[in-house]
Amino acid sequence: MDWKSETAIKKKSVRFFVIGILVLVAVAVVGGLSGTAIFSAVRKANQDKRRECVLKIGDINVSREEFELFCITVIEGSDFENLRINTASDNALAVQIKLKATEYAKQYYALRTRAEETEISLSPLERAEIDKKAENVPEGEDPEKYYLKNYGVTTEGYREFLYGWKLIDKYVNYAADNYAVDEELKRSIFDANAEELGWGLADVIYFDISVNDSGSAELKKSTAEKICETINGIPDIDKERAFRTFYDNFNDPGFSSSGINVALTGEIASAHPELFEAVKKAVEGYCYVVGDAGSVFVVRVRERFMFDFYKDTAELAVLLRADICRRIVEEAINDPRFGASAVPAMDSVDVKPLITARIEINGR
């Protein structure tokens, strides 16, 4: 491993923010709700009623039982508690769940249709893996009764639901593998994530001008400018020694990243965006004065680790892949063929028993 790579690991712990694609994670495991909640709904409605259309995705009819699976997906999702806490009433929560379930359904059918149009299919092994998962019911349970009780669908209906998600996952990965990637796209992804990836090594002197004393603030700004003029006017061989002397004499306490040859990461961007902009764009070796309402910095960037450093790294590849997948998903769901529209029967879809069951299981 070269010095730059070692330094990157030592100086900065890179955080990966993979863009969440709901269609690929929403339904890894659904269920876990009280079977009684589902069974009550099934018992109250005959199978014809369960199969009536409650939502249209373009020309696709989504049945009541299918739509309730999407509702369960929302309720079993990691964001449900957030949604529940931030919703004013049970009625409003039910509306929000149905809206989110509609989004899931739109993603599901738009992407599944794209997959089928691309003639992607599941291999026998992939189907066998899903079949095994569908057959994994508690010991002593009849699979058909189990799925009707816990999911409101037949075993075949549940299996078909999982087939669809697996097909979508396969399609998105296939499309991402074949997506045209050039340097411009890489650069745009890096720029959008520069605060997570980019950093630099710099010499920094901090002046605190937050005190309510305009004279003192102006003096510090003037001092910073004179320091920069001096540093920029002397031979390179003398710059570090001179900067260190100025640092020892003028640096104010209160900024943990001031010093000689310190790492400046994107973590400083929220409090001091101008300083991080210098790290991103300043000419290496040149001294600048940057600041904001409460701070002035003398900064001399020694070396930057930005796009040119990261463009062929695994770190950027992860973010690039996630963004490509997001684009593929958005392109599919924005296809006008897959507009979502509820039909009158949607009003009779009751998700409150499902919400109650989830809250009871959570013990709150």
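Quick look at the structure, then.

Basis of the calculations
Residues numbered from 1 in each chain as written. Predicted model: local features only at pLDDT ≥ 70, side-chain atom pairs only at ≥ 80, totals over all residues. Heavy atoms only, no water. Helix = DSSP H or I, 4+ residues; strand = E, 2+ residues; numbered from the N terminus. Buried < 20%, exposed > 50% of the residue type's maximum accessible area, 1.4 Å probe, protein only. Contact = heavy atoms within 4.5 Å. Pairing = 2+ DSSP bridges. Axes fitted to C-alpha atoms, helices over the stretch in contact; angles between N-to-C directions.

### Regarding the environment of E135
Here's step 1: Among the structural elements, E135 can be located in helix 8 (residues 124–135).
Here's step 2: For E135, a relative accessible area of 53% corresponds to the exposed category.
Here's step 3: Once the C-alpha coordinates of E135 and T155 are considered, the two residues, 20 residues apart in sequence, prove to be 8.4 Å apart.
Here's step 4: Setting aside chain neighbours within four positions, we find E135 in contact with Y147 and R159.

### Here we look at unusual backbone geometry
Here's step 1: Positive phi outside glycine occurs at E119, with the angle close to 65°.
Here's step 2: The topology assignment puts E119 in the loop between helix 7 (90–117) and helix 8.
Here's step 3: We classify E119 as exposed; its relative accessible area is 71%.

### Quick notes on the sheet that holds strand 6 (residues 295–305)
Here's step 1: Within the open sheet, the 4 strands sit side by side as 4-3-6-5. Their pairing is antiparallel. Of all the strands in the sheet, the pair left with one neighbour each is strand 4 (259–265) and strand 5 (287–291). Ignoring strand direction, the axes of neighbouring strands in this sheet form an average angle of 45°.
Here's step 2: Of the strand pairs in this sheet, strand 5 and strand 6 are connected by 5 bridges, and their pairing is antiparallel. When the sheet's bridge partners are listed, V289 is paired in strand 6 with V298.
Here's step 3: Against the sheet, helix 14 (residues 236–250) engages strand 3 (199–208), strand 4, strand 5 and strand 6, with an angle of about 35° to strand 3.

These results come straight from atomic positions and should not be treated as a statement about function.
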